[in-house]
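Results of the structural survey
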Amino acid sequence: MNITVIGSGYVGLTVGTCFAEMGNNVTCVDVDEHKINNLNKGIIPIFEPGLDNLVLKNLNKTLFFSTSLKEFNSKTEIIFIAVGTPMKEDGDVDLKYFYEASKQIGQTIDKHTIIVNKSTVPIGTADKVKEIIQTELEYRKVDVTFHVVSNPEFLKEGTAIADFMKPDRIVIGADSEVAFHKMEQLYSPFFRTHDRFIRMDIRSAEMTKYAANAMLATKISFINEIANICEKVGADANKVRIGIGSDSRIGYNFIYPGAGYGGSCFPKDVKALHKIAKEHGYTAKLIASVEAVNDAQKLIIAQKVIHRFGEDLSGKTFALWGLSFKPGTDDVREAPSIYVIKELLNKGAKIKVYDPKAIATAKEFYLKELENITYCDSKYQVLENADALILMTEWKEFRSPDFEEIKLKLNSPIIFDGRNQYNVFNLKEKGFEYYQIGK
Ligand code: NAD
């Protein structure tokens, strides 16, 4: 099939590349000229395991990049919109990129096309997209039919290729058999044994994405709240996690106590769902609490540091392992690490940081112009002359470090672990002061 993907970020680039890998003819479009120039040279703008190989394999064969929708493949049958839908200051979803892309579609299409909303958008957005496209077509006096479909994306950064190539389910929200059929044709090659299509109306599909993210965020905030209670009552959240996870109705996934969730999706989607409900006259109390618990949790490690070293941290230096909001990605959007760093800097501390992939993005967008931060090239270099180690992202290389080396390099053997990676008793035996979440 001939496909155009508007927006070549984490989602658009992955989606476009995977469709190209399946033999479709794909053009990925982005307004960011620098990004498109680089992609045309085979330079990938983000770190996503396996993505670079797939792009290089298909580049200029089945996968093309362009800055202009007008130059897109005139045979295009399906256009995906995968532009960013970031959060505004007030928590509303910023749909300006999304509506702009819809407008461009209306200004460009000249034959029957299926428009697929891949971005996460508030319920009812598909109706607005239809209106925008229809208005542009009428203005151009072009008489073509089109269908708008909602096809929310559930890939996870860090495992995006595998998630997209072997999906749990493909949710398709549409209002015509033509659109359902076309979408199922497109995705059929991704299922070898049996398909996993879930057909529904468009609004339910749009809501499914918010409900899925809110459910996952709820599990995280729930276990973090349990962990905080565990600390007060002298229980161990690690043991409680295993105790409850063994119940198949609960399961082990997404119940790890930690320093809070971040990323480009959970924080913005939970906030958006709360706002959407409010706009429709409903106060979503549980959703609001999930967010409130997480906001507090993001600072819990900083509070532990302050509790241990005092309110005035001037003269203290902390080594921080991990900036990205989770391992396997260079994405630092809403990462708890940034909140912890800023809080400790505010208290006068100096910070040394190491992350295997996310230093460049953090430096450019999130820690820009902040003083008293040193960026290091290795996990051991960062420890030199530091008063304690703070672990914020559970990259594999942090799982089994050389504790003797850590002890040797730190001024004092103290570890604050925001991801409960180590065994308390082993570390105590090695002479460490060790702080976790929920114990
Ligand atoms: P991103 O910020 O990485 O990428 C968005 C891209 O869109 C940018 O490259 C930007 O330049 C481009 N863009 C903006 N306006 C454009 C236009 N008019 N024409 C062409 N390109 C344009 O965003 P992302 O993380 O890929 O997220 C995209 C959407 O997918 C969001 O709605 C997000 O909530 C959703 N989503 C993200 C993930 C994820 O893990 N990142 C997972 C599922 C769903």
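Located above this text is the structure these notes cover.
Residues numbered from 1 in each chain as written. Predicted model: local features only at pLDDT ≥ 70, side-chain atom pairs only at ≥ 80, totals over all residues. Heavy atoms only, no water.

Since there are 3.6 residues in each turn of an α-helix, residues three or four apart along the chain are aligned in direction. Over its 12 residues, helix α1 (residues 10-21) extends 17 Å from the first C-alpha to the last, a length consistent with the 16 Å expected when each residue adds 1.5 Å. For α1, the tally of buried residues reaches 10 of 12 residues, placing the bulk of the element in the interior. Every buried residue of α1 is accounted for by Y10, G12, L13, T14, V15, G16, T17, C18, F19 and A20. At the exit of α1 stands G23, carrying a positive phi of roughly 100°. (Helix = DSSP H or I, 4+ residues; strand = E, 2+ residues; numbered from the N terminus. Expected span 1.5 Å × (residues − 1). Buried < 20%, exposed > 50% of the residue type's maximum accessible area, 1.4 Å probe, protein only.)

For the rest of this paragraph, the subject is the site of the ligand. Around the ligand, the surrounding shell holds 25 residues, and the nearest of these are D30, K35, T85, E157 and K268. A distance of 2.8 Å is found between an oxygen atom of the ligand and a backbone nitrogen or oxygen belonging to V11. Surface burial for the ligand is 89%, taken as the share of its 830 Å² of free accessible area covered by protein chains. Put simply, the parts of the chain that give the shell around the ligand at least two residues each are α1 and α4 (96-108). Two domains each donate at least three residues to the shell around the ligand, and these are domain 1 (2-200) and domain 2 (210-296). (Near = heavy atom within 4 Å. Polar contact = N/O pair within 3.5 Å; in protein donor to acceptor, adjacent residues only side chain to side chain. Areas by Shrake-Rupley, 256 points an atom, 1.4 Å probe, with all protein chains shown as cover. Domains from an automatic or database assignment.)

The subject of this paragraph is the pattern of salt bridges. Overall, the coordinates contain 25 salt bridges when judged by the stated rule. Residue E21 is joined to K57 by a salt bridge in which the shortest nitrogen-to-oxygen separation is 2.8 Å. Placement of E21 in helix α1 and of K57 in helix α3 (residues 51-58) is noted, with a sequence separation of 36 residues between them. Judged by relative accessible area, E21 falls into the partly exposed class, the value being 26%. Across the salt bridge formed by E153 and K118, the nearest N and O atoms sit 2.8 Å from each other. Placement of the pair is E153 in the loop between β6 (146-150) and α6 (160-165) and K118 in the loop between β5 (113-117) and α5 (125-140), with a sequence separation of 35 residues. Judged by its relative accessible area of 3%, K118 is buried. (Salt bridge = Lys/Arg side-chain N within 4 Å of Asp/Glu carboxyl O.)

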